[in-house]
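As a plain string of letters, each chain reads:
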Amino acid sequence: MGTIFHLDIVSAEESIYSGPAEFIVAPAMMGEVGIFPQHTPMLTRIKSGVVKVKAPLQDDEEIYVSGGMLEVQPDVVTILADTAVRGKDLDEAKALEVKKQAEEIMKNKISEVEYARAQAELIEAVAQLAAIQKLRKRGH
Amino acid sequence: MASGREIRNKIKSVKNTQKITRAMEMVAASKMRKAQDRMKKARPYGEKIRNVAAHMSNASVEYRHPFLISRDSVNKIGIIVITSDKGLCGGLNTNVLRKALNEIRSWESKDQQVEACCIGNKGLGFMSRLSGVQVISQVTGLGDSPNMERLIGAVKIVLDAYTEGQLDKVYIFYNQFVNTMKQTPVMEQLLPLTDERINSKENEAKSARAPWDYIYEPEARPVIDDIMVRYIEALVYQAVTENMASEQSARMVAMKAASDNAGNLIDELTLIYNKSRQAAITKELSEIVGGAAAV
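Let me begin by describing the structure that accompanies this report. (Residues numbered from 1 in each chain as written. Chains lettered and ligands numbered in written order. Predicted model: local features only at pLDDT ≥ 70, side-chain atom pairs only at ≥ 80, totals over all residues. Heavy atoms only, no water.)

## Quick notes on the overall build of chain A
Going by this rule: Under the DSSP-based scheme used, a helix requires at least four consecutive residues in state H or I and a strand at least two consecutive residues in state E, with every element numbered from the N terminus. Only protein chains enter the area calculation, which uses a 1.4 Å probe; residues under 20% of their type maximum are buried, those over 50% are exposed, and those in between are partly exposed. In this analysis, two residues are considered to be in contact whenever any of their non-hydrogen atoms come within 4.5 Å of each other.
When helices and strands are counted, chain A shows two helices and seven strands. What you see in chain A, going N to C, is helices and strands ordered as β-β-β-β-β-β-β-α-α. Considering chain A as a whole, with its 140 residues, one finds that 43% of them fall into the buried category. Sequence-distant contacts in chain A: of pairs separated by 6 or more residues, those separated by 24 or more amount to 51%.

## A few points about the interface of chain A and chain B
Often the size quoted for an interface is simply the accessible area lost on bringing the parts together. Just so we agree on the cut-off: By buried area we mean how much accessible surface two parts lose on assembly, using a 1.4 Å probe and totalling the loss over both. Salt bridges are defined by distance alone: a side-chain nitrogen of Lys or Arg within 4 Å of a carboxyl oxygen of Asp or Glu. Each polar contact in these results corresponds to two N or O atoms within 3.5 Å; when the atoms are within protein, one needs to be able to donate a hydrogen and the other to accept it, and residues that are neighboring in sequence are counted only if both atoms are side-chain atoms. When residues are sorted by character, Ala, Val, Leu, Ile, Met, Phe, Trp, Tyr, Cys and Pro go into the nonpolar class, Asp, Glu, Lys and Arg into the charged class, and all the rest, Gly among them, into the polar class.
Facing 35 residues of chain A, the contacting portion of chain B comprises 37 residues. A buried area of about 3,300 Å², summed over both sides, lies between chain A and chain B, and 65% of it is on carbon and sulfur atoms. A per-residue breakdown of the area chain A buries against chain B is headed by Ala12, Leu43 and Leu80 of chain A, which together make up 18% of the total. Counting across the interface, chain A meets chain B through three salt bridges. Here Arg230 of chain B makes a salt bridge to Asp82 of chain A, at a shortest N to O gap of 2.7 Å. Counting across the chain A and chain B interface gives eight residue pairs in polar contact (both at pLDDT 80 or more). Secondary-structure elements contributing two or more residues to the side of chain A that touches chain B are strand E1 (5-11), strand E5 (42-54), strand E6 (61-72), strand E7 (76-81) and helix H1 (88-102) of chain A. Considering each element in turn, the side of chain A that touches chain B owes the most residues, eight residues, to H1 of chain A. Residues that form the side of chain A that touches chain B fall into these classes: 16 nonpolar, eight polar and 11 charged.

## Looking at the packing of aromatic side chains
Residue and element names in this part refer to chain B. The line we're drawing: Stacked, edge-to-face and tilted are the three classes for Phe, Tyr and Trp ring pairs, Trp counted by its six-membered ring, which pair at centre distances within 6.5 Å; planes under 30 degrees apart are stacked, over 60 edge-to-face, the rest tilted. Criterion for a charge above a ring: Arg CZ or Lys NZ at most 6 Å from the ring centre, at most 35 degrees from the ring normal.
As enumerated under the stated definition, the model contains four aromatic pairs over all chains in all. Judged by centre distance (5.2 Å) and plane angle (25 degrees), the ring pair of Trp107 and Tyr171 falls under stacked. Of the two residues, Trp107 is situated in helix H2 (residues 92-109) and Tyr171 in strand E4 (residues 169-179); the sequence distance between them amounts to 64 residues. Considered together, Trp107 and Tyr171 belong to a single accessibility category, that of buried residues. Above the plane of the ring of Tyr162 lies Arg71, whose end atom (NZ or CZ) is 4.2 Å from the centre.

So, to be careful, I would describe these as geometric facts and stop short of saying anything about function.
In structure tokens, the structure reads:
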């Protein structure tokens, strides 16, 4: 106790990481946050990016997440990763799309949707690229 | 008595059907394993997000999310009905739709209106034919993987309707996966979130000891909103994975029964065929003998 905490990274589709960690860095909404054990409880949204995990007696691990929520308790840290590309506009757009289908109006008028989606995809792609480049540099 | 050729044709067609049902059985068996796997993988997320939601509902007093507040008068009820897209899976869809129908009737007798969100083709077809139920959103053609991205939109419509006060309660209907042989149709209350749902026993013990006081970044409200929406989505997602696992195992069982029945039918038909063939031979023989005697 004290020098490590339990880290869980889960998405709706699978459990990505579960184990002890000494230190993590996560891309929070307001900027990157580093978390050591005994951190004060915190809840925040995270952007798409790389979560760096320092596990005891192991090399650093870098895990890509496409946004989600970060919950910090003194001994337990949970990252609820999103599986889908999210965004207020996007969610709204999806809802609209479904609604349209439900009303069986099949008019293709979703240019704004496409734009929002493309933007979100672009942001995600950039983050993924950055992660890949980082990994390459370290000679993986 | 049917002629030999007719029976032979019949046997052939039953054999072909049996081939199909056997193939479907095997396909369903392999898909079932994957679906069960997916269902198990979805569980940790659901548990974790429930823990967070539980901590949060105990911690923050200044803002109570609308999902947690139950309303006094219930005029409109939303239902999320999860069914399969395809048939040939025994009574799976019928069971869950029957359960839904019973509930809808009892709500209608209390003058409560019902709006439905249908996930899966079978439920959509059924609900859109029901008068008195309005389908507000639907997802069909999910295939074999419960695609979170496609569920979000449909669920959001229901959640928005709830937040805006157009719905006062939301229930979810789906098939719970008990084991390969058994799936039970269940109805669960989704909104407002009941305390029992959020607080499991272990959670209660934990939160009594340590009431968390979170730092919210950037602000409490949007973070809590996000968590709540994701929690509901996770619940729906889990229900969809359970229903998919149920679908595959029900299909496997149904197809196994069909193959067995086809086998029995073939046995019976073969018996009839042989009997009629023998009868024909006997008849012919006696005719020959009779003819020879006459000469």
